[in-house]
Structures are given as structure tokens and as C-alpha cells.
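So you can see what is in the structure, the chains are spelled out below.
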Amino acid sequence: MIRDTKKLQAMLEEIRSFLRTECLPIEAQVDAADEIPEPVVQRMRELGLFGHSIPEEYGGAGLTTEELALVNIEVSQVATTFRARFGGNTGIASESLVVDGTPEQKRRYLPLLASGEVTGCFALTEPDAGSDATALRTTAVRDGDHYVITGSKCFITNAPIANLFTVFARTDPQSRGARGVTAFLVERGAPGLSTPPAYRKMGQHGSPVGEVVLDQVRVHESAIVGGVEGQGFKTAMKALNKQRINLAGLCVGPAIRLVDEMVRRAQTRRQFGQPVGEFQLVQQMIAESNTEVHAARALVLETARKRDAGADVTMEASMCKLFASEMCGRVADRAVQLFGGGGYIADNVAERFYRDVRLFRLYEGTSQIHLTNIARRTMAAAAA
């Protein structure tokens, strides 16, 4: 649902100008240094990028699902690391609070997340609890009106720089699966909480990802998201359901950029006395890529509209994430192929995006997990 077309177009134009003039020229620099310059992050704050999905009453833009999808498609047409810097705050790191936070929790944290003054992260994944998130071993033991949290998390985006951690822990040691999991808000500086140095990664350099170590971290019961024990897994799934649509939009943007780069390369690179774009098999790679981009974009926007209308889009969100992430991987592979040997050389746009987008098929549910979810829901609907 688009509430005000002119207002949204003005926002998109402002974002597009920032990306093209301030982010795109330093893509290679950020990739090499593994860090986004602070002045660029400050510009993100000034433009309100940290608060797109946070309600207006808390300082955000309160974008609808469709509006946010269009923004995500736009912001991901430059190196994906730029969006990752603010994307947690306006996505998975704030959504738990938006959907389930108490009024006091929302008043305290959402304005800080929306302004970018505080960076949030979503600490769910563990070494033995990735695709099977219900297998988490981090525990939170009640001690009077406090809880003592012990465990570790891994592969957490923005963990090395985060100020606010949404930590999922098991509060009922006798429970199995999703039951007995509670979400807690833990601030950096809490005794026992530490974040080791960021991982060295294949791609998305400049977006720090790392571990969260919780060594008897003591938090008050008021830190429970929503104030209700044992609801953490439901909270996580609510956040992930929306984030999968967001991530699908973030897969469309790089593919759009890569199609543009492929066309430019096909027009300027010459072989056998003519531009390579005149060869039909090169045209095939461009045509297939552009067709898939349009198909993914249509699926994302249709699903976003259905969610805005109040429909249950759990299966469609999985479809969006699966199709868009796999599509983006195929387009990136074709881009390297079209660029030829140059596409395999470092500091090349095709090579860089090829590394960056590989992650899309892994986080927010692997492609295999989404295939399983879609199959189960399809068969369940047929049996109903």
C-alpha cells in the first residue's frame, strides 16, 4: 500500500541521489577497508534511513510493507554493505519491539533506533541453532525479579558495533522446541556481555558480523520483550516474516544494478570486431536476467501489498525470499560470465557483487529451509 505517491517518490529521489553521489563512488574503498566512513553513516542518520519502518510516533517514517519494499529495491543498487549499516535498525533489530514491545520499551528504544543514535542487532543464531532456531541453548535463569543469561550467539550482523541486543534465550529448561524461549533487550555495557572481533567474510565488507558472548548477564524482568515470558519464538517469527519480504527486495536491487552493468559491458567490450552484445548468447544472458528481475520485483510487491491488506503471507514471504535470492545469485553468476576473465579479477563490480550477494541464500532461512516451508504449507492447504 502506497499512502502518498508524491511523498514516496520524493523520498526515493533523495535516497537515489545520496546513493549515487556519496555511496557508489566509494564502493571499492569500503570493500578494501572493510569499513564505511563515519561521515557517510552520519548522512544516513540525517536522511532518516535508520527509521524507515519504525512508526512515526517514535521518530520513524512508518513506511508500509510495499513502501519499504520499494525503498529496499532502491538502496540495494549500490554495494549491499551500505544498507546493512542502517538496515538492522529499520528491519529485524527493531521489528521485535514494533510488533511486541511494551509501551515503555517502545518509548525508550524506538526513537534511539530511528535516529541511528543506537545500533541494534537480532541475536538469535547459535553454533547449533541456525536453520533449527528452536534448538538454541542460551539460557536465562530467573533470580528474583532478574534473569541471568548465559550462552553465545554467532553470525550476528552488527554485533561488533551494536548498542542494543535482542537476545533470545530459553527460560524454561524443561521445554523443547519453540516453547520456553524468551526475548530480552540487553544493552552494551551490561556486565558479562562481550563481542569478539568481527569475522573475516567472503563479501559484504564494511558490514561487521560477529559473535555475542553472554557470561551470566544479569537483566531485570522489564527487559523481556513484551513483558511476557515464553513468547520469544513467536516474536522472532513475526520479525522474520516481514524481514523476508524486506530481504527479497534487497535481492532485487543488486540484480537491477548487475543487469545495467552487463548491458554497459556488452556495449563497450569488443570481440571479433564487434561489441559482444551483438552475440546472441550474450543477449540471452541479459534477457534471462532482466526477465527474472521483473518477475522477482512483481512477486515482492504483490506479497507486500497482501501483507499491508492484513493477509497471512507466511508462505508467500518464503517464496519471495527463496525466488529473489536464488534469482540474484543467478544474475550475479551471469554477470561474471559476461565480463569474462575481467569478472574474476578483484576490484571489479561483477566480482564484488558476486561475493556480496552469495549471503542472501543463507540468512533469514536458507533456500532449503524455505523450500521445506513452502512444501509443507502447500500440502497442508491442499489437505484442509
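Thresholds, definitions, all that
Residues numbered from 1 in each chain as written. Predicted model: local features only at pLDDT ≥ 70, side-chain atom pairs only at ≥ 80, totals over all residues. Heavy atoms only, no water. Core = buried A, V, L, I, M, F, W, Y, C linked by side-chain atoms within 4.5 Å. Buried < 20%, exposed > 50% of the residue type's maximum accessible area, 1.4 Å probe, protein only. Contact = heavy atoms within 4.5 Å. Pairing = 2+ DSSP bridges. Helix = DSSP H or I, 4+ residues; strand = E, 2+ residues; numbered from the N terminus. Phe/Tyr/Trp six-rings, centres within 6.5 Å; stacked < 30°, edge-to-face > 60°. Salt bridge = Lys/Arg side-chain N within 4 Å of Asp/Glu carboxyl O. pLDDT = per-residue confidence, 0-100. Axes fitted to C-alpha atoms, helices over the stretch in contact; angles between N-to-C directions. Parallel < 35°, antiparallel > 145°, perpendicular 65-115°, else oblique. Left-handed = near helix turned anticlockwise from the far one by under 90°. Nonpolar A, V, L, I, M, F, W, Y, C, P; charged D, E, K, R; others polar.

Peer 1: Could you give an account of the nonpolar core, naming the residues involved and the relevant values?
Peer 2: Phe18, Val40, Met44 and Phe82 are the most contacted members of the largest nonpolar core, which has 64 residues in total. With residues near it in sequence (within four places) discarded, Val40 still touches Phe18, Glu22, Cys23, Ile26 and Phe82.

Peer 1: Before we move on, can you summarise the pairing of strand S7 (residues 209-220) with the specific residues and values?
Peer 2: Relative to S7, strand S3 (residues 146-157) runs antiparallel, the two sharing 9 bridges. Paired with Ile149 across the two strands is Val217, which belongs to S7. In this structure, strand S6 (residues 193-194) lies alongside S7, joined through 2 bridges in antiparallel fashion. Paired with Ser194 across the strands is Val213, a residue of S7.

Peer 1: Would you mind going over the packing of aromatic side chains in detail, with residue names and values included?
Peer 2: As enumerated under the stated definition, the model contains 6 aromatic pairs in all. Taking 6.3 Å as the distance between ring centres and 85 degrees as the angle between the ring planes, the aromatic pair formed by Phe272 and Phe279 counts as edge-to-face. Using a relative accessible area of 28% as the deciding quantity, one classes Phe279 as partly exposed.

Peer 1: Describe in detail the side chain of Ser96, supporting the description with residues and values.
Peer 2: By the element assignment, Ser96 lies in helix H6 (residues 92-100). Each residue touching Ser96, except ones within four places of it in the same chain, is listed here: Gly101, Phe122, Thr166, Phe168, Val225, Thr235 and Ala239.

Peer 1: Report on the pattern of salt bridges, specifying residues and quantitative values.
Peer 2: In the structure shown here, the tally under the stated rule is 27 salt bridges. Its salt-bridge partner being Arg20, residue Glu74 comes within 4.0 Å of it at the nearest N-O pair. With Glu74 in helix H4 (residues 65-75) and Arg20 in helix H1 (residues 5-23), this residue pair connects regions lying 54 residues apart in the sequence. Residue Arg20 is classed as partly exposed on the basis of its relative accessible area of 33%. Residues Glu288 and Arg334 are paired through a salt bridge, measuring 3.6 Å at the closest nitrogen-oxygen approach. Separated by 46 residues along the polypeptide, Glu288 in helix H9 (residues 280-308) and Arg334 in helix H10 (residues 314-339) bring together distant segments of the chain.

Peer 1: Run through unusual backbone geometry, naming residues and quoting values.
Peer 2: Even without being a glycine, Phe155 presents a positive backbone phi close to 60 degrees. In this structure Phe155 comes out as exposed when scored by relative accessible area, which is 58%. Even without being glycine, Gln216 reaches a positive phi, approximately 55 degrees. When you line up the elements, Gln216 lands in strand S7. For Gln216, a relative accessible area of 57% gives the class exposed.

Peer 1: Account for the confidence of the model for the chain, with residues named and values stated.
Peer 2: In the predicted model, the chain carries a mean pLDDT of 95, and 100% of its residues have values of at least 70. Within the chain, the element-level pLDDT minimum falls on H6, averaging 91, and the maximum on S6, averaging 98.

Peer 1: Got a sec to walk through the environment of Glu326? Specific residues and values, please.
Peer 2: Its location among the elements puts Glu326 in helix H10. In this structure the C-alpha to C-alpha distance between Glu326 and Phe360, which are 34 residues apart in sequence, comes to 8.1 Å. If sequence neighbours within four positions are ignored, Glu326 has contacts with Arg361 and Ser367.

Peer 1: Explain the pairing of strand S5 (residues 181-187) to me, using residue names and the numbers behind them.
Peer 2: Regular strands have side chains that alternate between both faces of the sheet. Counted residue by residue, S5 has 6 buried out of 7 residues, so it is predominantly covered. In terms of strand pairing, strand S4 (residues 164-170) meets S5 through 7 bridges, oriented antiparallel. Within S5, the residue paired with Ala169 across the bridge is Thr182.

Peer 1: Help me get a handle on the packing of H6 against helix H7 (residues 103-115), residues and values and all.
Peer 2: At a minimum axis separation of 10 Å, H6 and H7 run at an interaxial angle of 155 degrees. By the criterion of interaxial angle, the relationship of H6 to H7 is roughly antiparallel. Crossing handedness for the pair H6 and H7: left-handed. On H7, the residues touching Ala93, Ser94, Leu97 and Val98 of H6 are Gln105, Lys106, Tyr109, Leu110 and Leu113. Of the residues assigned to the contact of H6 with H7, the class counts are 6 nonpolar, 2 polar and 1 charged.

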